[in-house]
Amino acid sequence: MSSSRKLAALAAPLIGLFVATAGDSVAVELNGAWATSADQCDKVFTREDGKLTFTDMSDVYGGGFIIDGNQLIGKFARCKVKARKDNGPNVNLVASCATDIMLSSVQFSLKELDADSIARLFPGMEDMEIRYHRCSPK
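Note that the structure is predicted; figures quoted are calculated from it, not measured.

Colleague: Is there a simple way to think about the state of the cysteines in this case?
Modeller: Between two cysteines, a covalent bond joining their sulfur atoms is known as a disulfide. In the structure shown here, the tally under the stated rule is 2 disulfides. The connectivity of the disulfide bonds within the protein chain can be written as 1-4, 2-3, using the sequence rank of each bonded cysteine.

Colleague: Is there a simple way to think about the pairing of strand β6 (residues 78-87) in this case?
Modeller: The side chains of a regular strand alternate, residue by residue, between the two faces of the sheet. With 3 bridges connecting them, strand β5 (residues 71-73) and β6 associate as antiparallel partners. If you follow I73 over to β6, its bridge partner there is R78. Hairpin connection between β5 and β6: a loop of 4 residues separates the two successive antiparallel strands. Here β6 folds back onto strand β7 (residues 90-98), and the loop between the two strands holds 2 residues, one of which, G88, carries a positive phi near 65 degrees.

Colleague: Could you clarify how one ought to interpret the environment of N87 in this entry?
Modeller: In this structure, N87 sits in strand β6. Residue classification places N87 among the exposed residues on the basis of a relative accessible area of 52%. Through-space distance from the C-alpha of N87 to that of K111 is 9.4 Å; in sequence the pair is 24 residues apart.

Colleague: Help me understand the confidence of the model for the protein chain, please; the structure alone is not making it clear to me.
Modeller: Counting all residues, the mean pLDDT for the protein chain is 83, and 80% of those residues have values of 70 or more. Here residues 2-24 scores under 50 on pLDDT; set against residues more than four positions off or in separate chains, the count is 1 contact.

Colleague: Any chance you could explain a nonpolar patch on the surface here in plain terms?
Modeller: A cluster of nonpolar side chains, contributed by M57, V60 and Y61, occupies part of the molecular surface with about 290 Å² of accessible area. Within the element layout of this structure, M57 appears in the loop between β3 (51-54) and β4 (64-68).

Colleague: What is the right way to look at the environment of E112 in this model?
Modeller: Within the secondary structure, E112 is located in strand β8 (residues 103-114). When its relative accessible area of 30% is taken as the criterion, E112 is described as partly exposed. The spacing of E112 and E29 is 83 residues in sequence and 9.0 Å in space, taken between C-alpha atoms. With sequence-adjacent residues up to four places away left out, E112 is seen in contact with V28, P89, S117 and I118.

Colleague: What's the story with the nonpolar core in this structure? I'm lost.
Modeller: Proteins that are soluble and globular tend to have nonpolar side chains buried together. With 16 residues, the main nonpolar core has L30, L72, L93 and I118 as its most contacted residues. Of all elements in the fold, only β4, β6, β7 and β8 reach the threshold of two or more residues within this core. For this core, the element with the highest residue contribution is β7, accounting for 4 residues.

Colleague: Sorry if this is basic, but what is going on with the sheet that holds strand β1 (residues 32-35) here?
Modeller: In a beta sheet, neighbouring strands pair by backbone hydrogen bonds and run either parallel or antiparallel. Reading around the circumference, β1-β4-β5-β6-β7-β8-β9-β10 is the order of the 8 strands in this closed barrel, with antiparallel pairing throughout. Going across the sheet, the axis of each strand differs from the next one's by a mean of 35 degrees, ignoring polarity. As defined by bridge partners, strand β9 (residues 117-121) adjoins strand β10 (residues 129-135) across 5 bridges and the pair is classed as antiparallel. Looking at β10, one finds that R120 is bridged to I130.

Colleague: What's the story with the side chain of S117 in this structure? I'm lost.
Modeller: Checked against the element boundaries, S117 lands in strand β9. A polar contact is formed between the side chain of S117 and the side chain of H133, at a distance of 3.2 Å. Those residues in contact with S117, other than ones at most four positions away along the chain, are W34, K111, E112, Y132 and H133.

The rules behind these values
- Residues numbered from 1 in each chain as written.
- Predicted model: local features only at pLDDT ≥ 70, side-chain atom pairs only at ≥ 80, totals over all residues.
- Heavy atoms only, no water.
- Disulfide = S-S within 2.5 Å.
- Pairing = 2+ DSSP bridges.
- Helix = DSSP H or I, 4+ residues; strand = E, 2+ residues; numbered from the N terminus.
- Buried < 20%, exposed > 50% of the residue type's maximum accessible area, 1.4 Å probe, protein only.
- pLDDT = per-residue confidence, 0-100.
- Contact = heavy atoms within 4.5 Å.
- Patch = residues over 30% accessible without salt bridge, like charges linked within 9 Å, V, L, I, M, F, W, Y side chains within 5 Å.
- Areas by Shrake-Rupley, 256 points an atom, 1.4 Å probe, with all protein chains shown as cover.
- Salt bridge = Lys/Arg side-chain N within 4 Å of Asp/Glu carboxyl O.
- Core = buried A, V, L, I, M, F, W, Y, C linked by side-chain atoms within 4.5 Å.
- Axes fitted to C-alpha atoms, helices over the stretch in contact; angles between N-to-C directions.
- Polar contact = N/O pair within 3.5 Å; in protein donor to acceptor, adjacent residues only side chain to side chain.

Given below as structure tokens:
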């Protein structure tokens, strides 16, 4: 086998791998603490024993939530993501949530605005959204 054929035989799988992965979109990175106002992060979140949690009065300052892997943590509810679908800047999540008195299944539609900003969308209510900003870790 000539050297050009050997090169072609080696290059073909690499080109195929590149073409197959070129269309894949990068998943939106959601891990971290998210507050409705970047200026209020210190009033919404705190660290206790090295763990990120909510301040006692976090809801007064707009509130927020924490995403840690497949866990969504709010001040009064804790959710586990059961399904996730990324579609470019849009992310649809289905989560099983628990409060002190109730279990429920909740669908979240999020849109990445930039690396540190997302909007929660409410399907069927086109003009309604809540914007959240990523808080830097303390």
